[in-house]
Amino acid sequence: MGSRRRRSRRAYGIGVALLLSAALSAGCASDPAEPPPAGGGRPPGDDGGGRRITLTVGVFGTFGLQEAGLYDTYMRLHPDIAVRQTSLTRNDVYYPQLLTHLTAGSGLADVQAVEVGNIAEVLATQADRLVDLGTVPGVDRRAFLPWKWAQGTGRDGRTLALGTDIGPQALCYRKDLFARAGLPRERGAVGRLWAGDWRAYLTAGLRYRERVPDGPAFTDSAAGVMAAVTASAPVRFYDARGGLVVADNPAVREAWDLAAAFARHGLTARLQQFTPGWDQAFANGSFATVACPAWMLGYIQDKAGPAGRGRWDVAAAPRPGSWGGSFLVVPAAGRHRAEAARLAAWLTAPAQQARLFARRGSFPSASAAYPLPAVADARHPYFGDAPVGALFAAAARGVPRAPTGPKDALIAQTLADTGMLQIDQTGRDPDEAWRATMKTLDNALDR
């Protein structure tokens, strides 16, 4: 399997800092340079002027659809359609532009990608500007994971976003470092060390540190632990009615306290995720475990390099959760809404999601893809030939149907960067840091 791009920089939201590469599409128009298909007559997608319709797809990062050859396949199947992609490398640049263009009803691609940390805000503020994709022929809600389908469905019951991929969580670990600490090395036994209980993960870390007092850290960062624990909670930052509950939710405070305990006991490498120092730590073997969504396997392989092959493995996380993933929406302002909706439906169908996983490592949000050989039989040679298809499918099916809210990304980033990073790197008192972080959130969310 190929390397998977990182699409969410922190817990749910901001893209890895790269250089800006393109502008958000102002497409939605037919391209007069495209010839009509052979055979004469007016093709089904003809715009009335005898020209081939061009559909534009706006994405952020290396989204994978183009790289996996899905557009080329669609154009072969639909010779009356041309598909062109525009991309911004950073979601924190892409997303504000998307909101601006949706509000204005112009400057949009025919199909737009939306990251999971932003989907609730899009549905809450832009629902009237999006096409209902749940009624598109061929779209079957039963093919998708129920919690993913729910994330793309508004309060009025219309499904305005179709899931592309998800980030079911596992725990990646260094077999050589576990052996050095006298801990199990086989992935099934490793998973049983902390099965069902994030506190058992802390206990394993304490055993590791006791036996390897001067060796590499047990895990990379306290913020990473907090994000993983929070991702497995049935209620996170918002309740089912859309109310903000981050300050009063015991699950969020449990994740905070547990992550702070990792820092207090010296179990972390005190790193900030998705920074150059964190990247280098993979190559240096600076920690023994890291919470890893499916897409992070390619990231680890890239950063750890050939020296990590056969040393890294992957086991089930204490509790299932999902970190990352995206959707496709179709703006109602587009000229070719019906054609765009059919393209979005095809790109997110189980067969295409399985192909995207096989070629790019993007784990399907369509559970109907899981029995397909490309998923069911998938193994990762870098991680000891781990059965990643079956492992992540089991995690995906167990993800709780947690409500999402319009400021999920902002909240997660603030918890990580304003609060937990200071506890991890400066030893700040966890209660003091909690109060300061809640105050920062109050100010940010009141604006």
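Below is a short write-up of the structure. Predicted model only: the values in this text are computed from it and were never measured.

Criteria and thresholds
Residues numbered from 1 in each chain as written. Predicted model: local features only at pLDDT ≥ 70, side-chain atom pairs only at ≥ 80, totals over all residues. Heavy atoms only, no water. Helix = DSSP H or I, 4+ residues; strand = E, 2+ residues; numbered from the N terminus. Buried < 20%, exposed > 50% of the residue type's maximum accessible area, 1.4 Å probe, protein only. Contact = heavy atoms within 4.5 Å. Arc of directions from axis to C-beta. Disulfide = S-S within 2.5 Å. Core = buried A, V, L, I, M, F, W, Y, C linked by side-chain atoms within 4.5 Å. Expected span 1.5 Å × (residues − 1). Polar contact = N/O pair within 3.5 Å; in protein donor to acceptor, adjacent residues only side chain to side chain. Pairing = 2+ DSSP bridges. Axes fitted to C-alpha atoms, helices over the stretch in contact; angles between N-to-C directions. Parallel < 35°, antiparallel > 145°, perpendicular 65-115°, else oblique. Left-handed = near helix turned anticlockwise from the far one by under 90°. Nonpolar A, V, L, I, M, F, W, Y, C, P; charged D, E, K, R; others polar.

**Considering the overall build of the protein chain**
A count of helical and extended segments in the protein chain gives 17 helices and nine strands. Within the span of the protein chain, comprising 447 residues, buried residues form 59% of the whole. Long-range pairs, those at least 24 residues apart, make up 76% of the contacts in the protein chain with a sequence separation of at least 6.

**Re helix α10 (residues 276-284)**
Because each turn of an α-helix spans 3.6 residues, side chains separated by three or four positions end up pointing in the same direction. What α10 keeps buried is the set Trp278, Asp279, Ala281 and Phe282. Along α10, the residues classed as buried sweep out an arc of 155° about the axis, all on the same side. The exposed set on the far side of α10, more than 90 degrees from its buried face, consists of Pro276 and Asn284. The first or second residue beyond α10 is Gly285, which carries a positive phi of 65°.

**Examining the state of the cysteines**
Within this structure, the stated rule accounts for one disulfide. Across a sulfur-sulfur distance of 2.2 Å, Cys172 and Cys292 are joined as a disulfide pair. The sign of the 90° torsion about the S-S bond sets the Cys172-Cys292 disulfide as right-handed. With Cys172 in strand β4 (residues 162-174) and Cys292 in strand β6 (residues 287-293), this residue pair connects regions lying 120 residues apart in the sequence.

**A look at the nonpolar core**
Core analysis: the largest hydrophobic core is formed by 54 residues, its most contacted members being Val83, Val111, Leu343 and Leu347. Elements represented by at least two residues in this core include exactly β1 (53-60), α1 (70-77), β2 (81-88), α2 (91-104), β3 (111-115), α3 (116-126), β8 (322-329) and α12 (337-347). If you tally residues by element for this core, the top one is α12, at seven residues. Leu347 has contacts with Leu65, Leu70, Tyr71, Leu328, Gln352 and Gln353, leaving out every residue within four places of it along the chain. With 49 residues, the next largest nonpolar core counts Phe178, Ala204, Phe237 and Phe262 among its residues.

**Considerations on α2**
The terminal C-alpha atoms of α2, which comprises 14 residues, lie 19 Å apart, in line with the 20 Å expected from a rise of 1.5 Å per residue. Taken together, the buried positions of α2 are occupied by Asn91, Tyr94, Tyr95, Leu98, Leu99 and Leu102. Looking down the long axis of α2, one finds its buried residues gathered within 130° of arc, a one-sided arrangement. Exposed residues on α2 whose side chains face more than 90 degrees from its buried face are Thr100 and Ala104. Gly105 sits one or two positions beyond α2 and adopts a positive phi of about 75°.

**Focus: the side chain of Asp239**
Mapped onto the fold, Asp239 is located in the loop between α8 (222-231) and α9 (250-264). A polar contact is formed between the side chain of Asp239 and the backbone nitrogen of Arg241, at a distance of 3.0 Å. At 2.7 Å, the side chain of Asp239 forms a polar contact with the backbone nitrogen of Gly243. Among residues more than four places away in sequence, those in contact with Asp239 are Val245 and Pro403.

**Structural notes on the environment of Ala240**
Note on placement: Ala240 falls in the loop between α8 and α9. Linking Ala240 and Gly405, residues 165 residues apart in sequence, is a C-alpha distance of 9.5 Å. If we ignore the near neighbours within four places in the chain, the residues touching Ala240 are Arg155 and Pro403.

**Topic: the pairing of strand β7 (residues 312-316)**
In terms of burial, β7 is a largely internal element, four of the five residues being buried. Here β4 pairs with β7 via five bridges, running antiparallel. Residue Ala170 lies in a different strand from β7, and its bridge partner there is Ala316.

**Focus: unusual backbone geometry**
We note that Arg270 has phi near 55°; this positive angle belongs to a residue other than glycine. Following the sequence through the fold, Arg270 ends up in the loop between α9 and α10.

**Quick word on the packing of α1 against α12**
Their axes nearest at 11 Å, the elements α1 and α12 cross at an angle of 125°. In terms of orientation, α1 and α12 fall into the oblique class. Of the two elements, α1 crosses α12, and the hand of that crossing is right-handed. Contacts from Leu70, Tyr71, Thr73, Tyr74 and Leu77 in α1 reach Glu339, Arg342, Leu343, Trp346 and Leu347 in α12. Taken together, the residues of the contact of α1 with α12 sort by class into seven nonpolar, one polar and two charged.

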